[in-house]
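Below, each chain spelled out in residue letters.
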Amino acid sequence: MSEMKLRWLAVAAMINNLGMSFVWPLTSVYLHNQLHQSLTVIGVVLLVNSLTGVAGSTLSGVLYDGHNPFKLLRGAAIILLGVMVGLTLWHGWPIFPVWLAI
């Protein structure tokens, strides 16, 4: 297996952080204006989102080291597709934070 260049890893991390910097404010506005949740509840939802992201990153790192990366990426893409379909069809309260955490 060829070695990944550090530059590409830095670019990927930057894109990931840039995407998350858009998700949090948009999630806050959606939860407050459309689902009529308090800012405290929004803070808890974003905290759970962050914690599940940390847990998912840790788990995916462990799985990546011991399994076939192609199968893991394919499985992650299938899960992501399912979450996107779920968010599109069921985006009310309280299912929205559950989809977000997944």
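A brief report on the enclosed structure follows. (Residues numbered from 1 in each chain as written. Predicted model: local features only at pLDDT ≥ 70, side-chain atom pairs only at ≥ 80, totals over all residues. Heavy atoms only, no water.)

Focus: the overall build of the protein
Our working definition: Secondary structure elements follow DSSP: runs of H or I no shorter than four residues count as helices, runs of E no shorter than two count as strands, and numbering proceeds from the N terminus. Three labels apply to residues, based on accessible area from a 1.4 Å probe with only protein chains included: buried if under 20% of the type maximum, exposed if over 50%, partly exposed otherwise in between. Note on contacts: a residue pair is in contact if any heavy atoms of the two residues lie within 4.5 Å. Surface accessibility follows the Shrake-Rupley procedure with a 1.4 Å probe radius. Residue values consider only the protein chains on display as shielding.
Per the secondary structure count, the protein includes 4 helices and 0 strands. The helix and strand sequence of the protein, counted from the amino end, reads α-α-α-α. With respect to the principal axes defined by its C-alpha atoms, the protein has extents near 50 × 25 × 20 Å. The buried share among the 102 residues of the protein stands at 15%. By sequence separation, contacts in the protein at least 24 residues apart represent 55% of the contacts at least 6 residues apart. Accessible surface computed for the protein: about 8,000 Å², of which carbon and sulfur atoms make up 74%.

Topic: the nonpolar core
This is how the line gets drawn: Only buried Ala, Val, Leu, Ile, Met, Phe, Trp, Tyr and Cys residues count toward a nonpolar core, and they belong to the same one when joined by side-chain atoms within 4.5 Å.
One finds L31, L35, I42, V45, L46, F96 and L100 forming the largest nonpolar core, which totals 7 residues. Of all the secondary-structure elements, those providing two or more residues to this core are α2 (39–66) and α4 (95–101). Here this core takes 3 residues from α2, the largest share from any one element. In contact with L100, other than residues within four places in its own chain, are T27, V45 and N49.

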